[in-house]
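Residue-level structure breakdown
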Amino acid sequence: MSGSRLITFDKVWKSYGQGEATVHALAGVDLAIRSGEFVAIMGPSGSGKSTAMNIIGCLDTPTAGTYSFMGIDAGRLDRNRRAMLRNLYVGFVFQGYNLLPRTTAVENVELPLIYRGVAARERHDLAMKALAEVGLVGREHHTPAELSGGQQQRVAIARAIVTRPTLLVADEPTGNLDTARTHEIMELLTRLNTELGLTIAMVTHEADVAFYAGRTIRFLDGHVASDAVNLEVV
Amino acid sequence: MIWETVRLSLLSVRRNVLRSFLTLLGIVIGVAAVIAMLTIGSGTTEKVKADISKLGSNLLVVRPGRPAGPGGPGGLDQATRPLGSKELAALVAHLSGARAISPASQKQVRVIFSTESLTSGVTGTDSAYLDARDWKLVSGRPFSDSENRSGTGVCLIGETVRQQFFGAGDPEGEIIRVNRTSCKIIGLLEPKGYTGFGQDQDNVVLMPLAAYQRRIAGNRDIDSIYVAADDRTPTTELLPRVEDILRDARRIPPDREDDFSIRDMTQIADAMASATTTMTGMLGAVAGVSLLVGGIGIMNIMLVSVTERTREIGIRLAIGAHEKHILIQFLVEATVLSLLGGLIGILIGLTLAGLASLTLAIPFAPSPAVILLAVGFSALIGMVFGFFPALRGARLDPIDALRHE
Ligand SMILES: Nc1ncnc2c1ncn2[C@@H]1O[C@H](COP(=O)(O)OP(=O)(O)OP(=O)(O)O)[C@@H](O)[C@H]1O
Ligand SMILES: [Mg+2]
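Residues numbered from 1 in each chain as written. Chains lettered and ligands numbered in written order. Predicted model: local features only at pLDDT ≥ 70, side-chain atom pairs only at ≥ 80, totals over all residues. Heavy atoms only, no water.

A closer look at the packing of helix α5 (residues 149–161) of chain A against helix α6 (residues 179–196) of chain A
Residues and elements named next belong to chain A. At a minimum axis separation of 10 Å, α5 and α6 run at an interaxial angle of 15 degrees. Classified by the angle their axes make, α5 and α6 are roughly parallel. The chirality of how α5 crosses α6 is right-handed. Across the interface between the two elements, G150, Q153, R154, I157 and I161 of α5 pack against R181, E184, I185, L188, L189 and L192 of α6. Of the residues belonging to the contact of α5 with α6, the class tally is six nonpolar, two polar and three charged. (Axes fitted to C-alpha atoms, helices over the stretch in contact; angles between N-to-C directions. Helix = DSSP H or I, 4+ residues; strand = E, 2+ residues; numbered from the N terminus. Parallel < 35°, antiparallel > 145°, perpendicular 65-115°, else oblique. Left-handed = near helix turned anticlockwise from the far one by under 90°. Contact = heavy atoms within 4.5 Å. Nonpolar A, V, L, I, M, F, W, Y, C, P; charged D, E, K, R; others polar.)

Observations regarding the confidence of the model for chain B
Residue and element names in this part refer to chain B. On average, chain B scores 86 in pLDDT, and the residues at 70 or more come to 95%. Scored below 50 in pLDDT, residues 70–76 shows 12 contacts in the model against residues more than four places distant or in partner chains. The complex model carries a pTM of 0.72, and its ipTM stands at 0.94. (pLDDT = per-residue confidence, 0-100.)

Quick word on the site of ligand 1
A:S45, A:G46, A:K49, A:S50 and A:T51 are the nearest of the 14 residues found near ligand 1. Residues lining ligand 1 come from chains A and B. At a separation of 2.5 Å, an oxygen atom of ligand 1 approaches a polar side-chain atom of A:T51. A:H205 places a side-chain nitrogen or oxygen 3.1 Å from an oxygen atom of ligand 1. Alone, ligand 1 offers 630 Å² of accessible surface; in the complex the protein occludes 66% of this. Within the residue set of the shell around ligand 1, elements represented by two or more residues are β2 (23–34) and α1 (49–56) of chain A. The leading source of residues in the shell around ligand 1 is α1(A), at three residues. (Near = heavy atom within 4 Å. Polar contact = N/O pair within 3.5 Å; in protein donor to acceptor, adjacent residues only side chain to side chain. Areas by Shrake-Rupley, 256 points an atom, 1.4 Å probe, with all protein chains shown as cover.)

Looking at the sheet that holds strand β6 (residues 90–94) of chain A
Residues and elements named next belong to chain A. Pairing within the open sheet is mixed, and its six strands lie in the order β6-β7-β8-β3-β9-β10. Across the chains shown, the open sheet's two edge strands, defined by having one partner strand only, are β6 and β10 (223–229). Within the sheet, the average angular offset between the axes of one strand and its neighbour, ignoring direction, is 15 degrees. Bridge count between strand β9 (residues 215–220) and β10: six bridges; the pairing is antiparallel. Across the sheet, residue T216 finds its bridge partner in β10, namely A228. (Pairing = 2+ DSSP bridges.)

Next up, the structure:
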């Protein structure tokens, strides 16, 4: 599975603060992810994983170096253009689900379509379909408070895929879930990767979660420490 | 997209009913005050105008005593000579351009019929009085010339007097006692209602001046002379003529000031109307200040709302919302909130004005223009005071916003 190059980091730096207090969250990272890949990103806390994910998802821009997404120099786009890129090509799944409170599952899933200008009827249909895809039939009109953690994360995944994005960015998607729920969610992501050809970049702290991916990149102090294909047998 | 946003903002109002209500209080009070003030104000103006025209149109009223104004205090003073039949006769003989000239002397007197009694404004006058004051009879007849001259004990009564003594019955031909004399009712006056000062204009008894002077006042003075201008003569033209004739009749030397006053009721009407307009304007301005306070309330709550929903903003931005989407969302929310307050305020204001018009007996005069203005103004307040918080929300960094707890 080696599609075209979707993501390229060319000596990407991300620095915070000035002078003595400068922190380099990323210190010259080179990295490439191809379309259709499922990549796990691991590494100790503070090693720069989330920073890298934010850049990958076009939420953030590098301090130095080049980030290109789908051949576009995304690091130099303005806020609104990056918002457009995200809306069209990127889906996000967060550790804390990040659903709108007091808003039903369908309404949450419809959200990205609103910013695409999709009409209400079609929006609803697409959202219902996405919820079915993540196995949440019958819970469409529940609010996050009425859903379990696993179910909330499914809603978040439905929201991420309802726009049929090219890339799914997932920062510790199973971080708040128990083992059984973790594996259910990972099965779901794997299915989306194989069935829809969705490229997935996922941060995790757990080796068995990382193992669902085809490849693992390890970060250490803002560098890529290792980058290897996951072997079928441990 | 806009409807979506409006729906969303209504939802968020509903989710926080109490807080929304408290936020809106400023706008509600402001708009209610403006609406109530302006509505009551224009009702009062109408009432004042109507009252004055009830006094009679194009009417001059002559009273003894120096006129009020820069020359000194008006009204009666020690040395004032009363008006009398001499002045009346001079006016009747020499004044041109008058439709009616009529004397009037008045006193509050106890009036008795059978076992009922009532303190009433008893006026001694002549038959021209009805014409001068644009007053009509519902039934009966005015005083005849011979009654005028001889001072026969006859009288015309107002509606309040009739109701007190006769209910809905016919008072004509009945004898009432006024002070210690009796007088026969020969007619019923058309009801005029209350004046703006709460005076009942129908609690009156009219009798021939001569009868009044002899039996009630005990002197031959005339309290005031009413001069109504005819259709071709403006009161401003009539007034100097009246003045000349009276100076002559009272033999006032050229170097002395008038010792009587002539009031032009038309001018008084205009002055009072403009006074109420000014008053309304000032009250409106005060109410406007409370709207400003309301606007600051909106700004405050929107800032709170933006802070509370930082995470939501982060999610929306991450998912692909542009700055303008967030800006519009919060602007619409502030506007909807403010409009809602405005509408509630309009309802309350109109209710207050309605109650006031009932208790003050003034017309209920809601103005569509004022209501539209209030709607527009509250929307504007929402937009203006919502803009800064909305901009603050729109400018948030999505990563920071997502990390916000
Ligand atoms: N906005 C910021 N301002 C200053 N420093 C920051 C900021 N964001 C991240 N950092 C720093 O950059 C480094 C990398 O942070 P990052 O969030 O990428 O770590 P991480 O690998 O995701 O860690 P974790 O596993 O705990 O989530 C850390 O030292 C962090 O303190
Ligand atoms: Mg992290």
